[in-house]
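Read off the chains here:
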Amino acid sequence: MNPPNSNLRAFNLAVQTLLRNPAQFLPHLTIPTFTHIPEQLGPSLYSSNQQGGKNNDSTSNSTSPIIRALVLDKDNTLCAPKTTIFPPQILEKLHALRTSQTSLFNREQYPDSILIVSNRAGSHVRYDTEVEELEKQLSGLRIPVFRLPDGSEKKPFCGAEVLQWFRERGVVTRADEIAVVGDRLGTDVLMAARMGSWSVWCRDGIAEGVDPRKGRPDMNVLEKMEVWVEQYLRESKGLKAPAPPGWRH
C-alpha cells in the first residue's frame, strides 16, 4: 500500500515559524495568480521589500535582486489541483517567459532557468505518469519536473537539493538568485525562506477575480488559515518578509 501524500513535518515547521520568526511566513511578493508575475521580477521584489513594515533585516539595499531561476509549484499554481490541466492563460504566460528576448527565463538563452517542484508530481514514483504528462505538454517550452532524490523530503525541506540542481547546470551561484513561486505559505514560501531565496505567493491559486478577503470558495481549512494568518501578520502586526540573508547589493 502506498503511504498517504501527507506532510505533517511541514505543518509542524509552519507552527514553529509562526511562534519564533513569523515574518518568515510572509512572501516577498504577492500576486493574484501566476499570470501576473512580471518578466523582470527583481524590481518588483525590491519594491515590495522596501515598503513599510517591521522585520529582522537591518540592511538597506539599493539595488534590485537579479532573479535567474524560477521554482514553480504545480497544484493550484500552474494546474488545477491533482491534475495536469493548464488553464490557457497560464500556458500563455509560460510561453511568454520562455520566448521573450528580454526574459532571463528564455528557453534558448537560459534553458534550465525554470523548474517545476511539486509535493505531488516528482515526489514519488506513483506520480510518474503525471510527471510524464506534464513534461510532454511542456516539451516545447523545455520546462522539466524536479524528481525528488531518494531519501530527500518534500517541500519545504528540499531547498538544498533544488539549489544544487540549478548550480550543477550553471544557472545560479547563490540561493538569492532564485524565486520560489507557489500558492502555499507553509510549503512554497517557507522553502524559499529556508533556502535563502525570494518568494512569490500566488494568493488566488489559478482562480481569477477572487475577493482577497474571502479567498477561493474551494479552499480547505489549512489554506483558509494561511490567508487569515498572512493578513494578520501583515496588517495587524506590521510585519514583512526579511530579504534573503545572502542578497548582495
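Everything that follows concerns the structure shown earlier in this document.
About the cut-offs
- Residues numbered from 1 in each chain as written.
- Predicted model: local features only at pLDDT ≥ 70, side-chain atom pairs only at ≥ 80, totals over all residues.
- Heavy atoms only, no water.
- Helix = DSSP H or I, 4+ residues; strand = E, 2+ residues; numbered from the N terminus.
- Expected span 1.5 Å × (residues − 1).
- Buried < 20%, exposed > 50% of the residue type's maximum accessible area, 1.4 Å probe, protein only.
- Contact = heavy atoms within 4.5 Å.
- Polar contact = N/O pair within 3.5 Å; in protein donor to acceptor, adjacent residues only side chain to side chain.
- Pairing = 2+ DSSP bridges.

What follows deals with helix 7 (residues 221–236). Here helix 7 contains 16 residues, and its C-alpha end-to-end distance of 21 Å stays within 8% of the 22 Å for a straight helix at 1.5 Å per residue. For helix 7, every residue scored as buried is listed here: Glu223, Glu226, Val227, Val229, Glu230, Gln231 and Leu233. Taken together, the buried residues of helix 7 touch helix 1 (8–20), strand 1 (29–31), helix 6 (185–195) and strand 5 (198–202). In this structure Asn220 caps helix 7, since a side-chain oxygen of it lies 3.1 Å from the backbone nitrogen of Leu222. Following helix 7 by one or two positions, Gly238 adopts a phi angle in the positive range, close to 70°.

This paragraph deals with the pairing of strand 5. Most of strand 5 sits out of view: 5 of its 5 residues are buried. What you see with strand 5 is no split at all: Trp198, Val200 and Cys202 on one side and Ser199 and Trp201 on the other are buried throughout. With 3 bridges joining them, strand 1 and strand 5 adopt parallel strand pairing. Bridge assignment links Ile31 to a residue of strand 5, and that residue is Cys202. Of the strand pairs in this sheet, strand 4 (residues 178–182) and strand 5 are connected by 4 bridges, and their pairing is parallel. If you follow Val180 over to strand 5, its bridge partner there is Ser199.

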